[in-house]
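Structural features, examined
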Amino acid sequence: MYRLKNAGYQSYLVGGGVRDLLLGREPKDFDVATDATPEQVKEVFRNCRLIGRRFRLAHVHFGRDIIEVATFRSMQDESKGDRETENGMLVRDNIYGTIEEDALRRDFTINALYYNIDDFSVVDYAGGLEDLRAGTLRLLGDPETRYREDPVRMLRAVRFAAKLGFIINPACEKPLLELGSLLQSVPAARLFEEVLKLFMAGVALETFEKLRHYGLFGELFPQTEESLSHEDHEFPITFVNRGLKNTDIRISEGKPVTPAFLFAVLLWEPVRLLAKRLRDAGESPLQAMQEAGTEVLMDQLNQVSIPKRFSIPMREIWSLQHRFEQRAGKRPHRLLTHPRFRAAYDFLLLRAESGEADQELAEWWTRFQETEGEERSQLIRQAAGAGDKPRRRRRRRRRSSKPADSE
Ligand code: ATP
Ligand code: MG
């Protein structure tokens, strides 16, 4: 901000950074607003990249951190510039304006506060400070119009409500129940980014419940929503709930969470049901799982894209599940060295906790990892004695027909 100021531009800290600091929370990232155009910002910083088409902005890199620097924008229609709407939805929004105009085109009042480095004051054009004190989420302007302009704002409303424990003001809450289908017009790649923000901020469970409440979850994960509403026993909802809670606990403990695991959890129910149908129709367990994985993923990509670097490990987590049942001979040892073993084992634990997988099997694998040498061999003999024989027969059949059971 000082660098911009020294170059003769205005600059303010804005958005989540100001909001979270005022709430005594640690900001996730910092956003800067300036009257310099993206090109001018690039001239000031060597470590700067311009990104975005719909919404052009400058990313200034500081080591591993990125500061988003956005030029003041205007909503005024008569101003010149680059703006385009399709059916009320903003597909490009690059008309520059003043700071007052910039404040009014932001989403929520609490996100429209500007911290001024000149006199260390907070500039509030929209009543954000009062809403911040009251714990209210309020869109600027007419809620329905603002959601139509950018349906992602519906997801942001739910996300901030869950994360900050704020109440969505009634006029902004009502359209959430009515306009969910507008999310279908949002590019799947953008929804991927939003899904990560929704479920990887440490309040995934609460966010999930709120999204379902407003009927928005089904717009993002229709197959999962379908399987949840048709539940014939209580596994599915318990499984997703536990999986998300697990994610929240890991985040609160500072442990890493991978999107691959998250998506594996979110899509497991439809995958499991389809795999079961395919098995009942005569396919081998591995074949059924792989086919179900492919099919569910392909469908899901219509809503929310999942980059290959996450979808490949996600599918491995699924495909490894049936291998936990093969506890004879060298197989358990081999499975242990699989790069995705840990994630797949965590996944098995979740399944067992929610009653969908065998608790005894999960415990066996826990012990198998804790022991060594002779004790391990003993566990393997135990498993064989405890009725793994029918599985062994099935496995032999599969082995002859399925060369892909390797990797
Ligand atoms: P966090 O970074 O903690 O998720 P944030 O409020 O900073 O929350 P960002 O996505 O970083 O969210 O956006 C920065 C600011 O840009 C927001 O605070 C808001 O003022 C504005 N903004 C972001 N997305 C939108 C949108 N879809 N419509 C209008 N304004 C937006
Ligand atoms: Mg931010």
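Since the structure is predicted, the reported quantities are computational estimates derived from the model, not experimental observations.

**Considerations on the coordination of the magnesium ion (ligand 2)**
Distances from the magnesium ion (ligand 2) to its protein donors, Asp29 (OD) and Asp31 (OD), fall at 2.2 to 2.5 Å. Accessibility expressed as a relative area gives 31% for Asp29, which makes it partly exposed.

**Here we look at the site of ligand 1**
Close contacts around ligand 1 come from 18 residues, with Arg19, Arg106, Asp150, Arg153 and Arg159 the closest. In the model, a nitrogen atom of ligand 1 is placed 2.8 Å from a nitrogen or oxygen of the Arg153 side chain. The side chain of Arg159 places a nitrogen or oxygen atom 2.8 Å from an oxygen atom of ligand 1. Summarising the interface, the protein chains cover 88% of the accessible area of ligand 1, which totals 580 Å² for the free molecule. Elements with a contribution of two residues or more to the shell around ligand 1: helix H2 (16-22), helix H7 (152-164) and helix H9 (188-199). The element contributing the most residues to the shell around ligand 1 is H7, with five residues. Counting contributing residues per domain, the shell around ligand 1 is built from domain 1 (1-134) and domain 2 (142-319), each supplying no fewer than three.

**Let's talk about the packing of helix H16 (residues 308-320) against helix H18 (residues 341-353)**
In contact at an axis separation of 9 Å, H16 and H18 are set at 60 degrees when each is read in the N-to-C sense. On the basis of the axis angle, H16 is oblique to H18. As for how H16 packs across H18, the hand of that crossing is right-handed. Contacts between H16 and H18 involve Ile317, Trp318 and Leu320 from the first element and Phe341, Ala343, Ala344 and Phe347 from the second. Residue classes in the contact of H16 with H18 are distributed as seven nonpolar, no polar and no charged.

**Notes on the pattern of salt bridges**
As enumerated under the stated definition, the model contains 25 salt bridges in all. Here Glu144 and Arg148 are joined by a salt bridge, their closest N and O atoms 3.1 Å apart. Here the residue Glu144 and the residue Arg148 both occupy positions in helix H6 (residues 143-149), the gap between them amounting to four residues, near one helical turn. Among the salt bridges present, the one from Arg342 reaches Asp346, with a minimum N-O distance of 3.5 Å. Here Arg342 pairs with Asp346, and both are found in helix H18, just four residues apart, close to one helical turn. Owing to a relative accessible area of 49%, Arg342 belongs among the partly exposed residues under this scheme. Connected via shared salt-bridge partners are Asp102, Arg105 and Arg106.

**As for unusual backbone geometry**
Of note in the backbone geometry, Phe120 takes a positive phi value of approximately 55 degrees without being a glycine. By the secondary structure assignment, Phe120 is in the loop between strand E8 (113-116) and strand E9 (121-124). The class for Phe120 is exposed, based on a relative accessible area of 56%.

**A closer look at the domain arrangement of the protein chain**
In terms of domains, the protein chain is made up of domain 1 (1-134) and domain 2 (142-319). The gap between the C-alpha centroids of domain 1 and domain 2 is 29 Å. Across the boundary between the two partners, domain 1 contributes 18 residues, which contact 14 residues of domain 2. Approximately 1,400 Å² of surface area, both sides summed, lies buried where domain 1 meets domain 2, with 55% of it carried by carbon and sulfur atoms. Where domain 1 meets domain 2, there are one salt bridge. Here domain 1 is connected to domain 2 by four residue pairs in polar contact (both at pLDDT 80 or more). Looking at the side of domain 1 that touches domain 2, the elements that each hand over two or more residues are H2, strand E7 (89-94) and helix H5 (128-134).

Each value, and the rule that gives it
- Residues numbered from 1 in each chain as written.
- Chains lettered and ligands numbered in written order.
- Predicted model: local features only at pLDDT ≥ 70, side-chain atom pairs only at ≥ 80, totals over all residues.
- Heavy atoms only, no water.
- Donors = N, O, S within 2.8 Å, 3.2 Å for Na, K, Ca; no water.
- Buried < 20%, exposed > 50% of the residue type's maximum accessible area, 1.4 Å probe, protein only.
- Near = heavy atom within 4 Å.
- Polar contact = N/O pair within 3.5 Å; in protein donor to acceptor, adjacent residues only side chain to side chain.
- Areas by Shrake-Rupley, 256 points an atom, 1.4 Å probe, with all protein chains shown as cover.
- Helix = DSSP H or I, 4+ residues; strand = E, 2+ residues; numbered from the N terminus.
- Domains from an automatic or database assignment.
- Axes fitted to C-alpha atoms, helices over the stretch in contact; angles between N-to-C directions.
- Parallel < 35°, antiparallel > 145°, perpendicular 65-115°, else oblique.
- Left-handed = near helix turned anticlockwise from the far one by under 90°.
- Contact = heavy atoms within 4.5 Å.
- Nonpolar A, V, L, I, M, F, W, Y, C, P; charged D, E, K, R; others polar.
- Salt bridge = Lys/Arg side-chain N within 4 Å of Asp/Glu carboxyl O.
- Buried area = accessible area lost by both parts, 1.4 Å probe.

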